[in-house]
Amino acid sequence: MKQQVAFGPRYPGSEGHRKCLDWIIAEASKYTDKVEKQPFSHTWSANGFDVKMTNVIATMNVGAKKTVLLLAHWDTRPTADQEWDSRDAKKPVLGANDGASGVAVLLDLMRAFKETPPPMNVIFLFTDGEDLGPGLDEMFLGAAHYAKNLPNPKPTYGILLDMVGDKDLRIPIEPFSAEKAPDLVKRFYAHAKQIGLETTFPNELQGSIFDDHLPLNDAGVPTMDLIDFTYPSWHTLSDTVDKCSADSLGKVGKAVESFLRNEKL
Ligand SMILES: [Zn+2]
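What counts, and where the lines are drawn
- Each chain carries its own residue numbering, running from 1 in the written order of its sequence.
- Two thresholds apply to this predicted model, a pLDDT of at least 70 for residue-level local features and 80 or more for giving and counting side-chain atom pairs, whereas whole-chain, interface and lining totals are computed over all residues.
- Side-chain numbers here rest on the full set of heavy atoms in the structure, without hydrogens or water.
- Put simply, DSSP marks the helices as runs of H or I at least four residues long and the strands as runs of E at least two long, and each gets a number from the N terminus on.
- Partly exposed describes any residue whose relative accessible area lies between the buried limit of under 20% and the exposed limit of over 50%, with all areas from a 1.4 Å probe on protein chains only and scaled to the type maximum.
- Within 3.5 Å is the distance limit for a polar contact, defined as a pair of N or O atoms, with the added protein rule that one can donate a hydrogen and the other accept it, and that residues adjacent in sequence qualify only through two side-chain atoms.
- Should any heavy atoms of two residues lie within 4.5 Å, those residues are counted as being in contact.
- Metal-coordinating donors are taken as N, O and S atoms lying within 2.8 Å of the metal, or within 3.2 Å when the metal is Na, K or Ca; because water is left out, some sites can appear incomplete.
- In this analysis an axis means a line fitted to C-alpha atoms, helices contributing only their contacting stretch, and an angle means the value between N-to-C directions, from 0 to 180 degrees.
- Any angle that falls under 35 degrees is termed roughly parallel, while one over 145 is termed roughly antiparallel, one within 65 to 115 roughly perpendicular, and all others oblique.
- Left-handed is the label given to a crossing in which the near helix is rotated counterclockwise from the far helix by less than a right angle, and right-handed is the label when the rotation is clockwise.
- The classification used treats Ala, Val, Leu, Ile, Met, Phe, Trp, Tyr, Cys and Pro as nonpolar, Asp, Glu, Lys and Arg as charged, and all other residues, Gly among them, as polar.
- Should DSSP find at least two bridges between two strands, the strands are taken to pair.
- Expected span, for any helix, means 1.5 Å times one less than how many residues it has.

## Considerations on the side chain of His235
In step 1: Tracing the backbone through its elements, the reader meets His235 in the loop between β6 (223–227) and α8 (246–261).
In step 2: The exposure class assigned to His235 is buried, which follows from its relative accessible area of 3%.
In step 3: A distance of 3.2 Å separates the side chain of His235 from the side chain of Asp131, its partner in a polar contact.
In step 4: In contact with His235, other than residues within four places in its own chain, are Arg77, Ala80, Asp81, Gln82, Glu83, Val93, Asp98 and Asp131.

## A short note on the coordination of the zinc ion
In step 1: For the zinc ion, the full set of protein donor atoms is Asp98 (OD), Asp131 (OD) and His235 (NE2), at a range of 1.8 to 2.2 Å.
In step 2: Sequence positions of the residues that donate to the zinc ion give the spacing D-x32-D-x103-H. Here Asp131 lies in the loop between β4 (121–127) and α4 (141–148) and Asp98 lies in helix α3 (residues 96–115), a separation of 33 residues in the sequence. With respect to burial, Asp98 and Asp131 carry one shared label: buried.

## Thoughts on the packing of α3 against α8
In step 1: Across the interface, α3 lies against α8 with an axial gap of 9 Å and an inter-helix angle of 45°. Accordingly, the angle class assigned to the pair α3 and α8 is oblique. Regarding α3 and α8, the two cross each other, and that crossing is right-handed. Judged by residue contacts, Ser101, Ala104, Val105, Leu109, Ala112 and Phe113 of α3 engage Leu249, Val252, Gly253, Val256, Glu257, Leu260 and Arg261 from α8.
In step 2: In terms of residue class, the contact of α3 with α8 is built from nine nonpolar, two polar and two charged.

## Here we look at the pairing of β4
In step 1: Within β4, seven of the seven residues are buried, leaving the element largely enclosed by the surrounding structure.
In step 2: Where strand β2 (residues 50–60) and β4 come together, five bridges link them in antiparallel fashion. Bridging across to β4, Ala58 finds its partner in Phe124.
In step 3: Across seven bridges, the pairing between strand β3 (residues 67–73) and β4 is parallel.

## Here's the deal with α3
In step 1: With 20 residues, α3 should reach 28 Å at 1.5 Å per residue; the first-to-last C-alpha distance of 27 Å fits that figure.
In step 2: Counting buried positions along α3 yields 16 of 20 residues, so the element is predominantly enclosed.

## With respect to the sheet that holds β4
In step 1: Taken in spatial order, the six strands make up an open sheet running β1-β2-β4-β3-β5-β6, and their pairing is mixed. Edge positions in the sheet fall to β1 (34–43) and β6, since each of these pairs with one other strand and no more. Direction aside, neighbouring strands of the sheet carry axes that sit 20° apart on average.
In step 2: Relative to β6, strand β5 (residues 157–162) is paired through five bridges, and the arrangement is parallel.

Right, dumping it as structure tokens:
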């Protein structure tokens, strides 16, 4: 997480965005079998320009019949639109939690799975353009692009990690996930309880969240969003490393790793 934040804001077109892309590819290449760039572009309402973006797809193939998709967005919000001061609201966020946290957990999972492979193939998807905005019609762009170009066969299910670094981490069930991926949600929350992480993953509903899981669910890949949306620094200049904790990232990584290792696919 610290490494990503050190690149600075990572919105499409920024220097930090370019550096972070290279870094994710280099890291993923150490631990997975195949790393691909999936480029796409979008004419952005904010300036009328064609914005170039890139998903990174890293595949770990253990020769199993089933494939699980793990995803997180790697871009950050171009504007801190939740800031009170209108000058601050035009500045880009650092995205320690909203961006870097999910990527950090995906990279940790790669390292763990390189050492001891899981019982299924895994696709790690780093989406770009999740947080471009300003409106919902210009968000989740990388996930939507991936959903339009799914591999064949398509993943059995997906797990999205977003804003999973909050020091005070609590991830109740996200309602769209419960509706579109009910079996996955039930199994995951039951497993989290079994391994003593019930406080972090309480078996109760939070508010519905529009996120990268929606285009995947629409494309027929049941996908669950693990997100702690009660984060006061969301889309502000104070979304910095000190609001996050390695302990929170570790709990999410442990929950997902243990869940996948215990899956009977
Ligand atoms: Zn965001």
